[in-house]
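Now for the letters of each chain:
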Amino acid sequence: GMQLPGRELIESSHRALFEGPLRGSTIGGPGDASVRFPREDVAIVVSGGGSALDGGDAVAQGRESTVTFVLVRSEAGWLITAFQNTRVSDPRAAA
């Protein structure tokens, strides 16, 4: 994986993906998410998800992910301040 510092780098790298190999793809997931509030103005959200490269609704096999968001409440509303997308894998397969 990569860590990209700053909105501009994150935006430009995603633009290249969605104008290139991920053009027409969709994001989906099981819809269940766990939400935890370590403080009243901070939320941590963890959910399953993944992508469908054919633009359909079903997540493609091997494209399942666990996504984590950190949100902070501001005067403008809830803002995403951090995001992690980790591909689901079976750790036994690496052994």
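The notes below deal with the structure included here.

What counts and what doesn't
- Residues numbered from 1 in each chain as written.
- Predicted model: local features only at pLDDT ≥ 70, side-chain atom pairs only at ≥ 80, totals over all residues.
- Heavy atoms only, no water.
- Helix = DSSP H or I, 4+ residues; strand = E, 2+ residues; numbered from the N terminus.
- Polar contact = N/O pair within 3.5 Å; in protein donor to acceptor, adjacent residues only side chain to side chain.
- Contact = heavy atoms within 4.5 Å.
- 1 Å grid on protein atoms, 1.4 Å probe; cavity = no way out; pocket = protein on both sides within 12 Å on 5 of 7 lines; lining within 4 Å.
- Points joined across faces, edges and corners; volume = space filled by probe spheres on them.

1. Here's the deal with the side chain of Ser25
Along the polypeptide, Ser25 turns up in the loop between helix 1 (7-19) and strand 1 (26-28). A polar atom in the side chain of Ser25 sits 2.7 Å from the backbone oxygen of Leu22. Not counting chain neighbours up to four residues away, the residues in contact with Ser25 comprise Phe18, Ala52, Leu53 and Gly55.

2. Re the layout of surface pockets
Here the largest pocket defines a volume of roughly 1,400 Å³. Looking at the largest pocket, it is lined by 29 residues, and the ones nearest its centre are Ile10, His14, Phe83, Gln84 and Asn85. Breaking the lining of the largest pocket down by element, the ones donating at least two residues are helix 1, strand 1, strand 3 (42-52), strand 4 (64-74) and strand 5 (77-87). Per-element tally for the lining of the largest pocket: the top contributor is strand 5, with 8 residues.

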